[in-house]
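Descriptive structure summary
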Amino acid sequence: MGKKKPLVIVTRKLPDVVETRMRELFDARLNEDDRPMSQADLVAALQTADVLVPTITDRIDAAVIAQAGPDLRLIANFGTGVDHIDVEAASARNITVTNTLGVLTEDTADMTMALMLAVPRRLVEGAKVAASGSWPGWSPTWMLGNRIAGKRLGIIGMGRIGQAVARRAKAFGMSIHYHNRRRLSATVEDGLEATYWESLDQMLARMDVVSVHCPRTPATYHLLSARRLKLMRAGAYLVNTARGEIVDEATLIKLIESGAIAGAGLDVFEHEPAINPKLRKLADAGKVVLLPHMGSATLEGRIDMGEKVIVNIRNFMDGHRPPDRVLPTAV
């Protein structure tokens, strides 16, 4: 008789290949219909599981963690961001938290570049005209957008994703600037031909495109506050594929409506899954491009995430430190 497999409860439906592997390795309870768990369901899962595999749609705060059962030892998050998990409360209960760092870098950077092109070049507007059958034919002054080559890109948060965006943008002929908690090494800076700004305010006032890539933490909530957004140039565009709460969305809307900011490409929103009706109105007017949090949505990426979760669980259950452990001080 082999040792008992750990009870692993997965809160959302994952790619079939990942779920199959989990069933082989663990006593895995899967979410076949993919309905988000209610708070009551989540608490019930925490009370019975050895390992919980949540996603961004699960709010695991201190009150929920306080109700965890004695067997829960690991929260293996399916995703990079852990702002939906109270890591300190988990640590206080001797519950380890892991994430899937690094596997979504290229996918998110690709989507960031797509938004960076889509807004100034009016791709969604053009696609709608072509699909509607109302296109009158080519004209030298119709559907004019803005070139991105030669423009200054200001990256907020120069971690893995920020650097991947910088590499792409450099290839498109953009001038790379960045603000980060810590300055990059001279070698990395030279490779990206990147200019460091210690002052976020000073950088914002000089950029043509601003792209957000910092994590959501208490320190970065409304990092792009009303005051900071008003520093941006009238012809500038904002792109956000990180977290909606980093941007003061109400102020951003007002500034785009008034023409104080040229437009925005948003994959994340302050009150997901709700999208402000004023943003949808701006989208209809061609001022913003909105995507439903799909920056990391590739099959390859989701499978990589699942494999990371499995590696973290197996390492933990074998008595080893999981490779992607999240420490309270890192959040």
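Residues numbered from 1 in each chain as written. Predicted model: local features only at pLDDT ≥ 70, side-chain atom pairs only at ≥ 80, totals over all residues. Heavy atoms only, no water.

We apply this condition: UniProt positions are given in the numbering used here, feature names are shortened, and annotations may be inferred rather than shown by experiment.
As annotated in an unreviewed UniProt entry, the chain carries the name Glyoxylate reductase and is attributed to Pseudoxanthobacter soli DSM 19599. What the UniProt record of the chain gives under Sequence similarities (unreviewed entry) is the line "Belongs to the D-isomer specific 2-hydroxyacid dehydrogenase family."

1. Here's the deal with helix α11 (residues 249-258)
Put simply, the test is: Throughout this description, buried means an accessible area under 20% of the type-specific maximum (1.4 Å probe, protein chains only), exposed means over 50%, and partly exposed covers the range between. Per the convention used, a helix needs a DSSP run of H or I reaching at least four residues, while a strand needs a run of E reaching at least two, with both numbered from the N terminus. Every residue pair with non-hydrogen atoms within 4.5 Å of one another is taken to be in contact.
All of the buried residues along α11 are Glu249, Thr251, Leu252, Ile253, Leu255 and Ile256. Close packing links the buried residues of α11 with α10 (226-229), β10 (237-240), β11 (263-266), α12 (277-284) and β12 (288-290). The first or second residue beyond α11 is glycine 259, which carries a positive phi of 85°.

2. As for the UniProt feature "domain: D-isomer specific 2-hydroxyacid dehydrogenase catalytic" (unreviewed entry) in the chain
Those places that UniProt annotates as "domain: D-isomer specific 2-hydroxyacid dehydrogenase catalytic" (unreviewed entry) correspond, in this numbering, to residues 17-326. In this annotation, residues 17-326 is assigned 38% helix and 13% strand; the end-to-end C-alpha distance for the span is 26 Å.

3. Regarding the packing of helix α5 (residues 105-118) against helix α7 (residues 160-171)
For the record, the criterion: Only the stretch in contact is used when a helix axis is fitted, and all axes are lines through C-alpha atoms; the angle between N-to-C directions ranges over 0 to 180 degrees. Angular relationships are summarised with four words: roughly parallel below 35 degrees, roughly antiparallel beyond 145, roughly perpendicular across 65 to 115, and oblique for the angles in between. Should the near helix be turned anticlockwise from the far one by less than a right angle, the crossing is left-handed, and should it be turned clockwise, the crossing is right-handed. Gly falls in the polar group here, along with every residue not listed as nonpolar (Ala, Val, Leu, Ile, Met, Phe, Trp, Tyr, Cys, Pro) or charged (Asp, Glu, Lys, Arg).
Axis separation between α5 and α7 bottoms out at 9 Å; the angle between their running directions is 50°. One finds that α5 runs oblique with respect to α7. At the point where α5 passes α7, the crossing takes the right-handed sense. Where α5 abuts α7, its residues Thr105, Glu106, Thr108, Ala109, Asp110, Thr112, Met113 and Met116 lie against Arg160, Ile161, Ala164, Val165, Arg167, Arg168 and Ala169. Considered class by class, the residues forming the contact of α5 with α7 number 7 nonpolar, 3 polar and 5 charged.

4. Re unusual backbone geometry
A cis amide bond links glutamate 272 to the next residue, proline 273, at an omega of 0°. Secondary-structure assignment places proline 273 in the loop between β11 and α12. For asparagine 94, which is not a glycine, the phi torsion comes out positive at approximately 65°. With respect to the element layout, asparagine 94 can be found in the loop between α4 (87-92) and β5 (96-98). Under the relative-accessibility criterion, asparagine 94 is labelled exposed at 66%. Here the phi dihedral of histidine 222 falls at roughly 50°; this positive angle occurs in a residue that is not glycine.

5. A closer look at the nonpolar core
If you look at soluble globular proteins, the nonpolar side chains tend to sit buried side by side. Stated precisely, the cut-off is as follows: By convention a nonpolar core is built from buried Ala, Val, Leu, Ile, Met, Phe, Trp, Tyr and Cys residues, the set being connected through side-chain atoms within 4.5 Å.
Core analysis: the largest hydrophobic core is formed by 30 residues, its most contacted members being Ile156, Val212, Leu224, Leu229, Met232, Leu238 and Leu252. Breaking this core down by element, the ones donating at least two residues are α9 (200-204), β9 (209-212), α11, β11 and α12. Residues contacting valine 212, with those up to four places away along its chain left out, are Ile156, Leu224, Leu238, Val239, Asn240, Thr241, Ala242, Ile246 and Val247. The next biggest cluster of nonpolar side chains, apart from the first, holds 26 residues, and it includes Met111, Ile148, Leu192 and Tyr237.

6. Looking at the environment of threonine 100
By secondary structure assignment, the location of threonine 100 is in the loop between β5 and α5. Linking threonine 100 and proline 323, residues 223 residues apart in sequence, is a C-alpha distance of 9.4 Å. The contacts of threonine 100, once residues within four sequence positions are left out, are Asn77, Phe78, Gly79, Thr80, Met305, Lys308 and Val309.

7. What to know about the packing of aromatic side chains
Definition in use: Working definition: a ring pair exists when centres of Phe, Tyr or Trp rings (six-membered ring for Trp) sit within 6.5 Å. Plane angles under 30 degrees give stacked, over 60 give edge-to-face, the rest tilted.
A full pass over the atoms with the stated rule returns 1 aromatic pair. For the pair tyrosine 178 and tyrosine 196, a centre-to-centre distance of 5.2 Å together with 45° between the ring planes defines the contact as tilted. Here tyrosine 178, found in strand β7 (residues 175-179), pairs with tyrosine 196, found in strand β8 (residues 194-196); they are 18 residues apart in sequence, far enough to count as distant. Its relative accessible area of 0% is what places tyrosine 178 among the buried residues.

8. What to know about the pairing of β7
Condition: DSSP-based pairing: two strands are paired if at least 2 bridges between them are found. For a crossover, the right-handed case is the one in which the path from the first strand over the helix to the second runs clockwise, viewed with the strands pointing away from the viewer.
By the criterion of burial, β7 is predominantly enclosed, with 4 of the 5 residues buried. Across 5 bridges, the pairing between strand β6 (residues 152-156) and β7 is parallel. Across the sheet, residue leucine 153 finds its bridge partner in β7, namely isoleucine 176. With α7 bridging β6 and its parallel neighbour β7, the resulting β-α-β unit is right-handed. Pairing analysis gives 3 bridges linking β7 to β8, with the strands arranged parallel. Of the residues in β8, the one forming a bridge with isoleucine 176 is alanine 194.

9. What to know about the sheet that holds strand β1 (residues 7-10)
Judged by pairing direction, the sheet is parallel, and its 5 strands sit side by side in the order β2-β1-β3-β4-β5 without closing on themselves. Every other strand in the sheet has two partners, leaving β2 (27-29) and β5 as the edge strands with one partner each. Geometrically, the sheet is characterised by an average inter-axis angle of 20° between neighbouring strands, direction not taken into account. Judged from the 3 bridges that link them, β1 and β2 form a sheet pairing that is parallel. Bridging across to β2, isoleucine 9 finds its partner in arginine 29.

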